Amino acid sequence: MKNFQLVKILFFLLLMVSLNTQTTNATTVEEKPVYINGGDDGLLRDLYCHLSCVSLSHSDSIKGRCVFTFAISKDGIIDVETIKLARKTTLPDEYVDAAKEAVKHLGKFKPGKMNGTPVKVWYTVPIKYPIPLDKINPSE
């Protein structure tokens, strides 16, 4: 009977360790992911540059914000299958879809690390409309 209880405890501990290594959050890692092409400023610049190429995003009459979450792999690449809409205001669907496509086109990240080892990390990015022109042209 004691052996059975010991096996149950060991199984539970192994399960907890397994879940913790697979679902690391950006808030729990020692080193957060960094966008290789310019950090946070570069990430927003690349997002909004991609959106500025989409004709519907030029409308100043649409105002709103959407927030996406996604996983960055141990290799620093966005797992496009994990891109999910976390929040949106009253944005039309085509604007949300364009924002999701912009996230898909982001470049590589320096991966997040825990104990010096690269880990999968969840990342959140807000996107607002109208496009802030100062993010595309920092000199303005």
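Residues numbered from 1 in each chain as written. Predicted model: local features only at pLDDT ≥ 70, side-chain atom pairs only at ≥ 80, totals over all residues. Heavy atoms only, no water.

Draft legend 1. Summary view of the packing of aromatic side chains. Taken as a whole and assessed by the stated rule, the structure comprises 5 aromatic pairs. For the pair F70 and Y123, a centre-to-centre distance of 5.6 Å together with 35° between the ring planes defines the contact as tilted. Taken together, the residues F70 in strand β2 (residues 64-72) and Y123 in strand β7 (residues 121-129) connect sequence positions 53 residues apart. Y123 matches F70 in its accessibility class, with the two residues each being buried. Both rings, one in Y95 and one in Y129, keep their centres 5.0 Å apart while their planes meet at 85°; by these two values the pair is edge-to-face. You can see Y95 sitting in helix α3 (residues 93-104) and its partner Y129 sitting in strand β7, a full 34 residues away along the chain. The exposure classification of Y95 matches that of Y129, with both residues buried. (Phe/Tyr/Trp six-rings, centres within 6.5 Å; stacked < 30°, edge-to-face > 60°. Helix = DSSP H or I, 4+ residues; strand = E, 2+ residues; numbered from the N terminus. Buried < 20%, exposed > 50% of the residue type's maximum accessible area, 1.4 Å probe, protein only.)

Draft legend 2. Representation of the pairing of β7 in the model. On β7, burial follows the alternation: V121, Y123, V125, I127 and Y129 on one face are buried, whereas W122, T124, P126 and K128 on the facing-out side are not. In this sheet, β7 lies alongside β2 in antiparallel orientation, the contact comprising 9 bridges. Bridge assignment links C66 to a residue of β7, and that residue is I127. (Pairing = 2+ DSSP bridges.)

Draft legend 3. Region of interest: the sheet that holds β7. The strand order across the open sheet formed by 3 strands is β3-β2-β7, and the pairing between neighbours is antiparallel. At either margin of the open sheet sits one strand with a lone partner, and together these are β3 (78-88) and β7. Between one strand axis and the next, the sheet turns through 25° on average, direction left out of account. (Axes fitted to C-alpha atoms, helices over the stretch in contact; angles between N-to-C directions.)

Draft legend 4. Representation of the environment of T89 in the model. Mapped onto the elements, T89 comes out in the loop between β3 and α3. Residue classification places T89 among the partly exposed positions, given a relative accessible area of 41%. For the pair formed by T89 and G64, sequence separation is 25 residues and the distance between their alpha carbons is 5.7 Å. Sequence-distant contacts of T89, that is, excluding residues within four places in its chain, are made with G64 and R65. (Contact = heavy atoms within 4.5 Å.)

Draft legend 5. Up close: helix α2 (residues 39-52). Along its 14 residues, α2 runs 20 Å from first to last C-alpha, staying within 8% of the 20 Å computed at 1.5 Å per residue. What α2 keeps buried is the set G39, G42, L43, L44, L47, Y48, L51 and S52. (Expected span 1.5 Å × (residues − 1).)

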